[in-house]
Amino acid sequence: MVKIAIDAMGGDNGPSIVLAGADIALVRRPDLEFQLFGEEPVVRPLLDAYPRVKAVSTFTHCEITVQMDDKPSQALRKGRWKSSMWRALEAVKKGEADVALSAGNTGALMAMSKFCLRTMAGIERPALAALWPTLRGESVVLDVGATINADAQQLIDFAMMGGAMARALLDVERPTVGLLNIGVEEMKGLEEVRVAGQILKEANLDHLNYIGFVEGDDIGRGTVDVVVTEAFAGNIALKTAEGTARQIASHLRDAMSRTLMGRIGYFFARGAFRELRQKLDPRASNGAVLLGLNGIVIKSHGGTDGVGYANAIEVGYSMAKNGLLTKINQDLGDYHRAGFARDIADVVIEEAK
């Protein structure tokens, strides 16, 4: 059984979406169990409407709900020990659950996760990793919202953790890794990115294949299995892609419904359009992973529906089943034992010369 601890109060729509997603996920994965945390007067009546979920769930009342507009420091002050978000994380810390899942405030989840679960040895900051639909299938992109202005060592850590995630989720034995940059030439881009690229190239690690710099259009092409960047650029890229997908879908609907011939054309091509809609649906890629913690934490999009939430549960399920934490620890250990964990300051000096 895979046990998922859920912050039932998180997200724009709260428990109604959470329970609907859990019900969908159970159809796909009957070996799931849930620990639900939330406000009893709100959750209990809704839980009764999902007997399948209720049969495999425990529920714990929590007095505090972290609000979507709470600052991380504010959420920690009022929600530590007693909020539904904290209690879900604490279940993972205590070994009572395999995964913690929340659709709540991203900054608060990041702060609480780091405070409650702590980061892995040698990891300074966690990274938020997302699955990205591409022309070749899917790629892992990180960081998409956790660590702004990451330095060279953090980018290297992201590469290790992203590679481990690709091995666990995409079933790739030696994933290809690229650093997002403004060009593929080695002299281009920020100094921290160039330094990280130099070290990854020299390391020549067995568990990942670093191919160099990639550009923004390479993400959608699926040029590499893992795209590494810092959170500012990564989050803008993610939101731009989501907005573009919605824009294309809207333009297609308008074009096909504007004229009689357009509607007739849609009738004959509706199967192809249905497939396109599924590929552009952001719900299919819902569920980002906070990597670098001593536990698996999944962040669902706050505005998703039951289908999207079920996909976030699916990501957590796959991470637990495929030993994500073990793979990350192995890859980081191999990197440090190989002697490539050099002093970043020395590398920067070399680059300056």
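To be clear, the structure that these remarks concern was listed above.
Residues numbered from 1 in each chain as written. Predicted model: local features only at pLDDT ≥ 70, side-chain atom pairs only at ≥ 80, totals over all residues. Heavy atoms only, no water.

## Things to note about the environment of Ala150
In step 1: Its place among the elements puts Ala150 in the loop between strand E6 (137–142) and helix H7 (152–169).
In step 2: Judged by relative accessible area, which is 8%, Ala150 ranks as buried.
In step 3: For Ala150 and Glu39, which are 111 residues apart along the polypeptide, the C-alpha to C-alpha distance reads 37 Å.
In step 4: The residues contacting Ala150, other than those within four sequence positions of it, are Leu155, Phe158, Glu192 and Glu230. (Helix = DSSP H or I, 4+ residues; strand = E, 2+ residues; numbered from the N terminus. Buried < 20%, exposed > 50% of the residue type's maximum accessible area, 1.4 Å probe, protein only. Contact = heavy atoms within 4.5 Å.)

## A few points about the state of the cysteines
In step 1: Enumeration over the complete set of coordinates arrives at 0 disulfides.
In step 2: No disulfide involves Cys62; its sulfur sits 13 Å from the nearest other cysteine sulfur, which is in Cys116.
In step 3: What makes Cys116 buried here is its relative accessible area of 2%. (Disulfide = S-S within 2.5 Å.)

## Structural notes on unusual backbone geometry
In step 1: Here the bond from Leu142 into Asp143 is cis, since omega is 10°, no more than 30 degrees from zero.
In step 2: Within the element layout of this structure, Asp143 appears in the loop between E6 and H7.
In step 3: In the Ramachandran plot, Trp81 falls in the positive-phi region, its phi being about 80° despite a non-glycine side chain.
In step 4: Relative to the helices and strands, Trp81 resides in the loop between helix H4 (72–79) and helix H5 (84–93).
In step 5: Despite not being glycine, Asn149 shows a phi value in the positive range, around 60°.

## Side note on the sheet that holds strand E7 (residues 176–180)
In step 1: Across the sheet, which stays open at both edges, the 11 strands sit in the order E3-E2-E1-E4-E11-E10-E5-E6-E9-E7-E8 with mixed pairing between neighbours. Of all strands in the sheet, those bounded by a partner on one side alone are strand E3 (57–61) and strand E8 (209–214). Going from strand to strand, the sheet's axes swing by 25° on average, the running direction of each strand aside.
In step 2: With 4 bridges joining them, strand E4 (residues 99–102) and strand E11 (residues 296–299) adopt parallel strand pairing. What sits directly across from Ser102, in E11, is Lys299.
In step 3: Seen against the sheet, H7 touches strand E5 (127–134), E6, E7, strand E9 (226–228) and strand E10 (288–291) and runs at an angle of roughly 160° to E9. (Pairing = 2+ DSSP bridges. Axes fitted to C-alpha atoms, helices over the stretch in contact; angles between N-to-C directions.)

## Description of a nonpolar patch on the surface
In step 1: A cluster of nonpolar side chains, Ile148, Phe232 and Ile236, forms an exposed patch at the surface whose accessible area comes to about 310 Å².
In step 2: Among the secondary structure elements, Ile148 is positioned in the loop between E6 and H7.
In step 3: Note on Ile148: relative accessible area 52%, which makes it exposed. (Patch = residues over 30% accessible without salt bridge, like charges linked within 9 Å, V, L, I, M, F, W, Y side chains within 5 Å. Areas by Shrake-Rupley, 256 points an atom, 1.4 Å probe, with all protein chains shown as cover. Salt bridge = Lys/Arg side-chain N within 4 Å of Asp/Glu carboxyl O.)

## Thoughts on the pairing of E6
In step 1: Pairing between E5 and E6: 6 bridges, direction antiparallel. Each residue of the ladder has a partner; that of Pro133, found in E6, is Glu138.
In step 2: Where E5 folds back on E6, the antiparallel hairpin that results is connected by 2 residues.
In step 3: Where E6 and E9 come together, 3 bridges link them in parallel fashion. Note on E9: the bridge partner recorded for Val141 is Val227.

## Structural notes on the pattern of salt bridges
In step 1: The final tally for this structure, using the stated rule, is 10 salt bridges.
In step 2: When the shortest N-O distance is used, the salt bridge between Glu40 and Arg44 registers 3.4 Å. With Glu40 and Arg44 both in helix H2 (residues 40–47) and 4 residues apart, the pair spans about one turn of that helix.
In step 3: Residue class for Glu40 comes out partly exposed when judged on its relative accessible area of 36%.
In step 4: Under the relative-accessibility criterion, Arg44 is labelled partly exposed at 34%.
In step 5: Between Asp70 and Lys78 there is a salt bridge; the shortest N-O distance is 2.9 Å.
In step 6: The class for Asp70 is buried, based on a relative accessible area of 8%.
In step 7: Where salt bridges share partners, they join Asp217, Asp218 and Arg221 into one cluster.

## Description of the side chain of Asp143
In step 1: Salt bridges are absent for the buried Asp143, whose nearest opposite-charge side chain, Arg125, sits at 6.9 Å.
In step 2: A distance of 2.8 Å separates a polar side-chain atom of Asp143 from the backbone nitrogen of Leu128.
In step 3: A polar contact is formed between the side chain of Asp143 and the backbone nitrogen of Gly145, at a distance of 3.1 Å.
In step 4: Leaving out residues up to four positions away in the same chain, Asp143 has contacts with Pro126, Ala127, Leu128, Phe158, Thr229, Glu230, Ala231, Gly234 and Asn235. (Lys, Arg positive; Asp, Glu negative; His and termini not counted. Polar contact = N/O pair within 3.5 Å; in protein donor to acceptor, adjacent residues only side chain to side chain.)

## Here we look at the packing of H7 against helix H8 (residues 191–203)
In step 1: Closest axis-to-axis distance for the H7/H8 pair is 8 Å, and the angle between their directions is 50°. Put simply, H7 runs oblique to H8. Like other packed secondary-structure pairs, H7 and H8 cross with a definite hand, here right-handed. Mapping the contact onto sequence places Ala152, Leu155, Ile156, Ala159 and Met160 in H7 and Glu192, Val193, Val195, Ala196, Ile199 and Leu200 in H8.
In step 2: Classifying every residue of the contact of H7 with H8 by side-chain character gives 10 nonpolar, no polar and 1 charged. (Parallel < 35°, antiparallel > 145°, perpendicular 65-115°, else oblique. Left-handed = near helix turned anticlockwise from the far one by under 90°. Nonpolar A, V, L, I, M, F, W, Y, C, P; charged D, E, K, R; others polar.)

## Observations regarding the packing of aromatic side chains
In step 1: All chains considered together, the criterion is met by 2 aromatic pairs.
In step 2: Between Trp81 and Trp86, the ring centres sit 4.9 Å apart and the planes meet at 70°, which makes this aromatic pair edge-to-face.
In step 3: Of the residues examined, Trp81 reaches a relative accessible area of 53% and is grouped as exposed.
In step 4: Here the aromatic residues Trp81, Trp86 and Phe115 are joined through ring pairs into a cluster of three or more.
In step 5: Lying across the ring of Phe115, Arg118 places its NZ or CZ 5.2 Å from the centre. (Phe/Tyr/Trp six-rings, centres within 6.5 Å; stacked < 30°, edge-to-face > 60°. Lys NZ or Arg CZ within 6 Å of the ring centre and 35° of its normal.)

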